[in-house]
Amino acid sequence: MERLVIIGASGHGKVIADIAKKNGYDEIFFLDDNDELTICGKYPVVGKVDDFSKYDCKFIIAIGNNAVREKIQTKLENSNKKIAILIHPNATIADDVEIGKGTVVMAGAVINSAVKIGKGCIVNTCSSVDHECIIGDYCHISVGAHLAGIVHLGDRVFVGAGVATAQCIVVCSDVIIGVGAAVVRDIEEKGTYVGVPAKRLK
Ligand SMILES: CC(C)(COP(=O)(O)OP(=O)(O)OC[C@H]1O[C@@H](n2cnc3c(N)ncnc32)[C@H](O)[C@@H]1OP(=O)(O)O)[C@@H](O)C(=O)NCCC(=O)NCCS
């Protein structure tokens, strides 16, 4: 019997529960601060986020906001909790890829050779991360986003749905890249960037 506590009973949480089931977890339940939630998909919501200390099993955080995910994962780490890595069986990942704890990789994602992905990241459905990319901690590569080879992302970078980057791009920490943007130059200043080519939103 392998138990997993998922923090965050959202739609994203439902996707993560499905991956967890496919990864062999057979006792799954949620924690969420919304009192009205009692169930998430097929699984019960059994308490609030701060109840995590009552459980001695693996955890994963299903919260899309990068900073919130970081805050909760840091709390779990400081309490010496075990944190899972979840990879959908239909993701394609090269043998030499390194993935940090708390990271989830969704269906159809492709991660190519010599990539390093930090902790607490989301590599979402049908996104791709090509050869030798280095992804910092608590980043989110949204659905259908594509990073070309040798792209470096700092920490807490949000890459919106359908974004494309050129190869060898460097993006600093705490950047948001809007849905559909094309990143063709390095991003050196934190902020929100949109459009083709991506420009800073004033
Ligand atoms: C970039 C983003 C974060 C901006 O959100 P916001 O700060 O609330 O900005 P607003 O919606 O107020 O838009 C501000 C302006 O930017 C424009 N804009 C917003 N997002 C844009 C985008 N992705 N591409 C081009 N223009 C965009 C708006 O049209 C608006 O222009 P206007 O002032 O001329 O009307 C958001 O639009 C976005 O793209 N989020 C990503 C969502 C996503 O990919 N989710 C995936 C989950 S898996």
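Worth saying up front: this structure is predicted, and the values here are computed from it rather than measured. (Residues numbered from 1 in each chain as written. Predicted model: local features only at pLDDT ≥ 70, side-chain atom pairs only at ≥ 80, totals over all residues. Heavy atoms only, no water.)

### A closer look at the sheet that holds strand E7 (residues 86–87)
In spatial order, the strands read E7-E10-E13-E16-E19-E22-E24-E25; together these eight strands make up an open sheet with mixed pairing. Among the strands making up the open sheet, the edge pair consists of E7 and strand E25 (199–200). The sheet contact formed by strand E19 (residues 158–159) and strand E22 (residues 175–177) spans two bridges and is parallel. Note that in E22 the partner of Val 159 across the bridge is Ile 177. (Pairing = 2+ DSSP bridges. Helix = DSSP H or I, 4+ residues; strand = E, 2+ residues; numbered from the N terminus.)

### Some words on the nonpolar core
Across soluble globular proteins, nonpolar side chains show a tendency to be buried alongside one another. In this structure, Ile 111, Val 129, Ile 135, Leu 147, Leu 153, Val 159 and Ile 177 are the most contacted members of the largest nonpolar core, which totals 30 residues. Once you skip the residues sitting within four places of it in the chain, Ile 111 turns out to touch Thr 92, Ile 93, Ala 94, Val 97, Ile 99, Val 105, Ile 117, Val 123 and Val 129. Formed by 20 residues, the second largest nonpolar core is a distinct cluster that contains Leu 4, Cys 40, Val 45 and Ile 60. (Core = buried A, V, L, I, M, F, W, Y, C linked by side-chain atoms within 4.5 Å. Buried < 20%, exposed > 50% of the residue type's maximum accessible area, 1.4 Å probe, protein only. Contact = heavy atoms within 4.5 Å.)

### What about the pairing of strand E4 (residues 43–47)?
By the bridge criterion, two bridges tie strand E2 (residues 27–31) to E4 in an arrangement that is parallel. Across the sheet, Phe 30 pairs through a bridge with Val 45, a residue of E4. The pairing of strand E3 (residues 39–40) with E4 spans two bridges and is antiparallel. Residue Ile 39 lies in a different strand from E4, and its bridge partner there is Pro 44. Connecting the antiparallel pair E3 and E4 is a turn made up of two residues, with Gly 41 showing a positive phi of about 65°.

### Some words on the domain arrangement of the chain
Accessible area lost upon the coming together of the parts is a frequently used measure of interface size. As assigned here, the chain comprises domain 1 (3–84) and domain 2 (87–194). One C-alpha centre belongs to domain 1, the other to domain 2, and the line joining them spans 23 Å. Contacts between the two partners involve 19 residues from domain 1 and, on the opposite side, 19 residues from domain 2. For the pair domain 1 and domain 2, the summed buried surface comes to about 1,500 Å²; carbon and sulfur atoms form 56% of the total. (Domains from an automatic or database assignment. Buried area = accessible area lost by both parts, 1.4 Å probe.)

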